[in-house]
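Here is how the chains run, residue by residue.
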Amino acid sequence: MTSYTLTQLRAEQVAEKLGIGVTKLYELAAKDPDFPKPIHHSPRWVVWFECELDAWMIKKAAKESNISVEEMGQRLAVNSAFRDMYGYLMKRKNPAPAM
């Protein structure tokens, strides 16, 4: 069985993942209501869950491509490491009926 962890990313890591600067990251977090909310462990220790960032990027890409999130997920599942995660998430979303 595959196990998934909730990876937390610091601001610098999130900015790098998104290809933007840290200042732009905080602007995005303040202005985009759909952008994942940061978790403040302390005033200087702020993180985001990587899975929430991934979901936001998929939703944004789907919207810009004018397709559903499910279609975007299927497109990504065809040829990437996302395939295992997508299968796992779809099983959780639509669990097999109890026997």
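The preceding data block contains the structure.
Keep in mind that what you see is a predicted model, and the values were worked out from it rather than measured.

Topic: the overall build of the chain
Across its full length, the chain carries 5 helices and 3 strands. For the chain, the N- to C-terminal ordering of α and β elements is β-α-α-β-β-α-α-α. Evaluated residue by residue, the chain yields a buried proportion of 21% over its 99 residues. Looking at the chain alone, contacts between residues at least 24 apart form 38% of all its contacts between residues at least 6 apart. If you sum the accessible surface of the chain, you get close to 7,500 Å²; carbon and sulfur atoms cover 57% of it.

Let's talk about the packing of aromatic side chains
Per the stated rule, a full pass over the model turns up 2 aromatic pairs. Centroid distance phenylalanine 35 to tryptophan 56: 4.8 Å. Interplanar angle 80°. Geometry classified as edge-to-face. Of this pair, phenylalanine 35 sits in the loop between helix 2 (22–31) and strand 2 (39–42) while tryptophan 56 sits in helix 3 (residues 50–65), and the two are 21 residues apart along the sequence. A relative accessible area of 10% places tryptophan 56 in the buried class.

Examining the environment of valine 14
Along the chain, the position of valine 14 falls in helix 1 (residues 11–18). Since its relative accessible area comes to 0%, valine 14 is described here as buried. Residues valine 14 and tryptophan 48, spaced 34 residues apart in sequence, show a C-alpha to C-alpha distance of 7.5 Å. In contact with valine 14, not counting residues within four places along its chain, are Leu9, Leu25, Trp48 and Leu53.

A look at the nonpolar core
Counting 11 residues, the largest nonpolar core is built from Leu9, Ala11, Val14, Leu18, Leu25, Ala29, Phe35, Val46, Trp48, Leu53 and Trp56. When residues of this core are traced back to their parent elements, those giving at least two are helix 1, helix 2, strand 3 (45–49) and helix 3. In terms of residues, this core owes the most to one element, helix 1, which gives 3 residues.

Cut-off values and rules
- Residues numbered from 1 in each chain as written.
- Predicted model: local features only at pLDDT ≥ 70, side-chain atom pairs only at ≥ 80, totals over all residues.
- Heavy atoms only, no water.
- Helix = DSSP H or I, 4+ residues; strand = E, 2+ residues; numbered from the N terminus.
- Buried < 20%, exposed > 50% of the residue type's maximum accessible area, 1.4 Å probe, protein only.
- Contact = heavy atoms within 4.5 Å.
- Areas by Shrake-Rupley, 256 points an atom, 1.4 Å probe, with all protein chains shown as cover.
- Phe/Tyr/Trp six-rings, centres within 6.5 Å; stacked < 30°, edge-to-face > 60°.
- Core = buried A, V, L, I, M, F, W, Y, C linked by side-chain atoms within 4.5 Å.

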